[in-house]
Amino acid sequence: MPDPILKITGVSKSFGALKATNGVTLDLYPGEIHALIGPNGAGKSTLIKQITGEIRQDAGTIAFEGQSIDHLDAADRARIGLARTFQISQIAPDLSALKNVMLAVEARAGRVFRFFRPVSRDLDLTAAAMAFLHDAGLGERATLRAADLSHGERRQLEFAIALAMRPKVFLMDEPMAGLSPDGSKRMTAFLSDLRRTAPILLVEHDMEAVFALADRISVLVYGQVIATGTVAEIRANPEVRTAYLGDEAA
Amino acid sequence: MSRETVLNLAILAGLLAVALTAHLSGEPFLVTLATKAAILGLAGVGLNLALGYGGLVSFGHAAFFGIGGYAAGILASAAQNYEPLMTWPLELPGTTSMPIIWATAVIAAGLVALPIGALSLRTGGVHFIMITLAFAQMIYYFAISWPAYGGEDGLSIYVRNTLGTLDTMDPLTFFLIVFALLLLVLGLTLMATRSRFGLALAMARQNPLRLTSMGVRPFRVRLTAFVLSAMAVALAGALYADLNRFVSPSMLSWHLSGELIVFVILGGVGRPLGPLIGAALYVLLESQLGQLTEYWQLPLGIILLLVVLFARGGVIGLVTGRNANA
């Protein structure tokens, strides 16, 4: 087995008396989708924020490609290849979909502080951004203001931005949230292919999608991982069934 | 050409036409008013880069306007009194050369804006407004209490500064100098806002969390915009000192910071020519209503209220609708 690309060891974070994450150990291997499930308030979002650097952990360590990234801030971690998609689409509403992605392309190239050439005449930048929009299925809506896109299309824009960062790891916080059953199916197919681009740590409530996609599942309850395993192992785990899955998985 | 571009060209042509017709019909006072509108508009264009494009509501840009003014006043008065500007560590003479004065004003303001911005931008929202105000007031009180350059009474420049062989005391010549600089700064601002940097600045305003997750720190983008904005405002300050041939601490006071914000909001936040039309309206109201009543700011207040309530894009937005360049 190859080395994990992302390795989280004993990570904890307390907000006052509340232990949001409590000694979480988790890893992500190249080519896999590792789903993180658990009831509301289990600490899933806190863990994602700790990996992206938005929240600093109180204890434990996070390693990326074998090296600790604890000292890096959120911007640095994004630059070395951790791309995050948000539960609520985070985009610039007044910019066109295309310009949202163009910014991600120029940020990836480290060329943000250029003051003279207008971006609209930068054909390389435009072409690169258009390609990522097409990959995310949003090519025809490129010139629309992001605010004028539908909820599902804004999701696609999130993914175009994430793709444009050419990441080594995707961190996804509930990509299915708010999608129609039809939209969920399309997203499932899209994510299934995406694991070949980069491995995905997937926080998701939609169990149908999780069971269809995940190579491995970890269950987080009260800030602690109570089980990690394949779909079949997790479905069969009695502790997980009482804590979270209930009759749904039966 | 978009509707806004046509309107922008019309505004610039209109200002030029006012100055030229006033000159031809022998009304130098009107030329001076147009010059004042152009200078205040230039300051507004500078503030717009931070406030409109960057979403940074600075209530302290008078500091940079005043620094530009004092740069002009101090250099010119030293030269006119045949005194050296400083004798230690090296002897520097004053100057009446406009380009040197402009460069000094712009660089000095940039150097002051860097630490002010670096400290203020650690905060946001109301705190940012208050901290920028506090810094500007510190500089204001420093100018009042420093006797070497006139203190509270200000500093007079006897003759307007020089640009080559031009007769800068001629109102139309001076207007044209100001107008050319206005066009230059407008062009640079437009270029910057449409560049890669402009895209990052728009994201820093609309969604800093996303910008961070793309690997770019919003702080650096904002600080750059803040410093560039201060430099443009300082250029306007230097021109304003030359227009009035007088510099006083009032150029540094919070009233002026407020007026600059009024220009931007009145004309249209984040619209390239918004601050110019805002400043022109302000100067027009001041000169016309000011003859009738000393309470001319009351109707201005009502107009501003109406703009904020009903025309969020200011005068420009009222005519052209939503911002197409965003």
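Residues numbered from 1 in each chain as written. Chains lettered and ligands numbered in written order. Predicted model: local features only at pLDDT ≥ 70, side-chain atom pairs only at ≥ 80, totals over all residues.

Caption draft 1: The overall build of chain A, seen in detail. A count of helical and extended segments in chain A gives nine helices and 10 strands. The globule rule puts the C-alpha radius of gyration for 250 residues at 18 Å, and the 19 Å found for chain A is close to it. Seen along its three principal axes, the alpha-carbon backbone of chain A occupies a region of about 60 × 40 × 40 Å. Out of the 250 residues belonging to chain A, those deemed buried represent 44%. Long-range pairs, those at least 24 residues apart, make up 67% of the contacts in chain A with a sequence separation of at least 6. (Helix = DSSP H or I, 4+ residues; strand = E, 2+ residues; numbered from the N terminus. Rg over C-alpha atoms; globule rule 2.2 N^0.38 Å. Buried ≥ 20, exposed ≤ 12 C-beta atoms within 10 Å, placed from the backbone. Contact = placed C-beta atoms within 7 Å.)

Caption draft 2: A look at the pairing of strand E4 (residues 59-64) of chain A. Residue and element names in this part refer to chain A. The sheet contact formed by strand E1 (residues 6-15) and E4 spans five bridges and is antiparallel. Residue threonine 9 lies in a different strand from E4, and its bridge partner there is threonine 61. Of the pairings in the sheet, the one linking E4 to strand E5 (residues 67-68) comprises two bridges and is antiparallel in character. Paired with alanine 63 across the two strands is serine 68, which belongs to E5. The hairpin formed by E4 and E5 contains two residues between the paired strands, and glutamate 65 there has a positive phi angle of roughly 50°. (Pairing = 2+ DSSP bridges.)

Caption draft 3: Layout of helix H6 (residues 171-194) of chain B. Residues and elements named next belong to chain B. For H6, which comprises 24 residues, the first-to-last C-alpha distance of 34 Å matches the rise-based estimate of 34 Å (1.5 Å per residue) to within 8%. Burial in H6 covers these residues: Pro171, Phe174, Phe175, Val178, Leu181, Leu182, Val185, Leu186, Thr189, Ala192 and Thr193. The elements touched by buried residues of H6 are helix H1 (3-24), helix H2 (28-53), helix H7 (196-206) and helix H9 (218-244). (Expected span 1.5 Å × (residues − 1).)

Caption draft 4: Examining the domain arrangement of chain A more closely. Residues and elements named next belong to chain A. Domain annotation of chain A identifies domain 1 (1-81 + 168-250) and domain 2 (90-166). Taking the mean C-alpha position of each, domain 1 and domain 2 sit 27 Å from one another. Taken together, the six residues of domain 1 in the interface contact five residues of domain 2. Considered class by class, the residues forming the side of domain 1 that touches domain 2 number four nonpolar, two polar and no charged. (Domains from an automatic or database assignment. Nonpolar A, V, L, I, M, F, W, Y, C, P; charged D, E, K, R; others polar.)

Caption draft 5: Seen up close, helix H1 (residues 44-52) of chain A. Taken across its nine residues, H1(A) has eight buried, putting it largely inside the fold. Among all positions in H1(A), only Lys44(A), Thr46(A), Leu47(A), Ile48(A), Lys49(A), Gln50(A), Ile51(A) and Thr52(A) are buried.

Caption draft 6: Geometry of the interface of chain A and chain B. Taken together, the contacts link 29 residues of chain A with 22 residues of chain B. Those elements that provide at least two residues to the side of chain A that touches chain B are helix H2 (74-80) and helix H3 (97-108) of chain A. With six residues, the single largest contributor to the side of chain A that touches chain B is H3(A). Tallied by class, residues from the side of chain A that touches chain B come to 18 nonpolar, three polar and eight charged.

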